[in-house]
Amino acid sequence: MESKATIVARVLLGLVFFGFGLNGLLQLFPLPPAQGAAAVFIDGLVASRYFFPLLFVIYLFAGTALLIGRFVPLAVAVLAPIIVNIAVMHLFVPSSGAEVGLATLVTILEIFLAWSYRPAFRPMLHQRYERES
């Protein structure tokens, strides 16, 4: 049984990633253009032509999983390296207050959900894998 706080965190994180995934694929709302070092970084990713479509599909699937409450530990694990990249980028690249705030919120929600679902992650943290006979 999930606590109310876990449900709220799961739904909020799901809404963020579902919304950004949908917007990225359908371009419903234009995002402000990046500037400075962030623009150089993003331009390089755009030039690859595959990166952002793949990223937005991952956002959409992980956000959906979080919203409906299915495969939540998998969604949390898949989003972890993405969220680390978002947080680190906004730490080292000049960003607006809103961007830093959203990155902070997403990071806090991710950490809270990882802690809430920690029993699901225990098997991944074993040093050695031993087959059951």
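A. Local environment of the overall build of the protein chain. Scanning the protein chain from terminus to terminus reveals six helices and zero strands. Ordering the α and β elements of the protein chain from the N terminus gives α-α-α-α-α-α. Along the three orthogonal principal directions, the C-alpha set of the protein chain runs to about 55 × 35 × 25 Å. Across the protein chain, the fraction of contacts at a sequence separation of at least 24, relative to all contacts at a separation of at least 6, is 73%. Of the roughly 9,500 Å² of accessible surface on the protein chain, a fraction of 70% belongs to carbon and sulfur atoms. Distance from the positive charge centre (8 side chains) to the negative charge centre (6 side chains) of the protein chain: 8 Å.

B. Representation of the pattern of salt bridges. Scanning all chains against the criterion turns up one salt bridge. With its nearest N and O atoms 3.0 Å apart, the salt bridge here joins Glu2 to Arg10.

C. Layout of the packing of helix α3 (residues 51–68) against helix α4 (residues 72–92). At a minimum axis distance of 9 Å, the contact between α3 and α4 shows a crossing angle of 135 degrees. Accordingly, the angle class assigned to the pair α3 and α4 is oblique. In this structure, the crossing between α3 and α4 has a hand that is left-handed. Contact with α3, carried on its side by Leu55, Ile58, Tyr59, Ala62, Ala65 and Leu66, involves Val72, Ala75, Val76, Val78, Leu79, Ile82 and Ile86 of α4 and no other residues of that element. Class assignment of the residues belonging to the contact of α3 with α4 gives a composition of 13 nonpolar, no polar and no charged.

D. Broad picture of the packing of aromatic side chains. Under the definition given, this model contains five aromatic pairs. A ring pair is formed by Phe17 and Tyr59, whose centres lie 4.9 Å apart and whose planes are at 80 degrees; its orientation type is edge-to-face. Note that Phe17 is positioned in helix α1 (residues 4–26) and Tyr59 in helix α3, a separation of 42 residues in sequence. Accessibility assignment for this pair places Phe17 and Tyr59 in one class, buried. Ring plane angle 85 degrees and centroid distance 5.3 Å describe the contact between Phe51 and Phe52, whose orientation is recorded as edge-to-face. On the basis of relative accessibility, which here comes to 25%, the residue Phe51 falls in the partly exposed class.

E. Structural detail: the nonpolar core. Judged by nonpolar contacts, the single largest core of 21 residues is most densely connected at Leu13, Phe17, Leu66, Leu79 and Leu113. Among the elements of the structure, α1, α3, α4 and α5 (97–116) are those that each provide at least two residues to this core. Not counting chain neighbours up to four residues away, the residues in contact with Leu13 comprise Leu66, Ile83, Val106, Leu109, Glu110 and Leu113.

F. A look at α1. The terminal C-alpha atoms of α1 lie 32 Å apart, and with 23 residues this matches the ideal 33 Å at 1.5 Å per residue to within 8%. Within the span of α1, buried status applies to Thr6, Ala9, Arg10, Leu13, Gly14, Val16, Phe17, Gly21, Asn23 and Gly24. On its buried face, α1 sits against α3, α4 and α5. Backbone geometry just after α1 places Gln27 at a positive phi near 50 degrees.

G. Here's a closer look at the environment of His90. Within the element layout of this structure, His90 appears in helix α4. Setting aside anything within four residues of it in sequence, one finds His90 in contact with Ser95, Glu99, Val100 and Ala103.

Rules behind the numbers
Residues numbered from 1 in each chain as written. Predicted model: local features only at pLDDT ≥ 70, side-chain atom pairs only at ≥ 80, totals over all residues. Heavy atoms only, no water. Helix = DSSP H or I, 4+ residues; strand = E, 2+ residues; numbered from the N terminus. Contact = heavy atoms within 4.5 Å. Areas by Shrake-Rupley, 256 points an atom, 1.4 Å probe, with all protein chains shown as cover. Lys, Arg positive; Asp, Glu negative; His and termini not counted. Charge placed at Lys NZ, Arg CZ, Asp CG, Glu CD. Salt bridge = Lys/Arg side-chain N within 4 Å of Asp/Glu carboxyl O. Axes fitted to C-alpha atoms, helices over the stretch in contact; angles between N-to-C directions. Parallel < 35°, antiparallel > 145°, perpendicular 65-115°, else oblique. Left-handed = near helix turned anticlockwise from the far one by under 90°. Nonpolar A, V, L, I, M, F, W, Y, C, P; charged D, E, K, R; others polar. Phe/Tyr/Trp six-rings, centres within 6.5 Å; stacked < 30°, edge-to-face > 60°. Buried < 20%, exposed > 50% of the residue type's maximum accessible area, 1.4 Å probe, protein only. Core = buried A, V, L, I, M, F, W, Y, C linked by side-chain atoms within 4.5 Å. Expected span 1.5 Å × (residues − 1).

No statement about biological role is implied by the geometric values presented.
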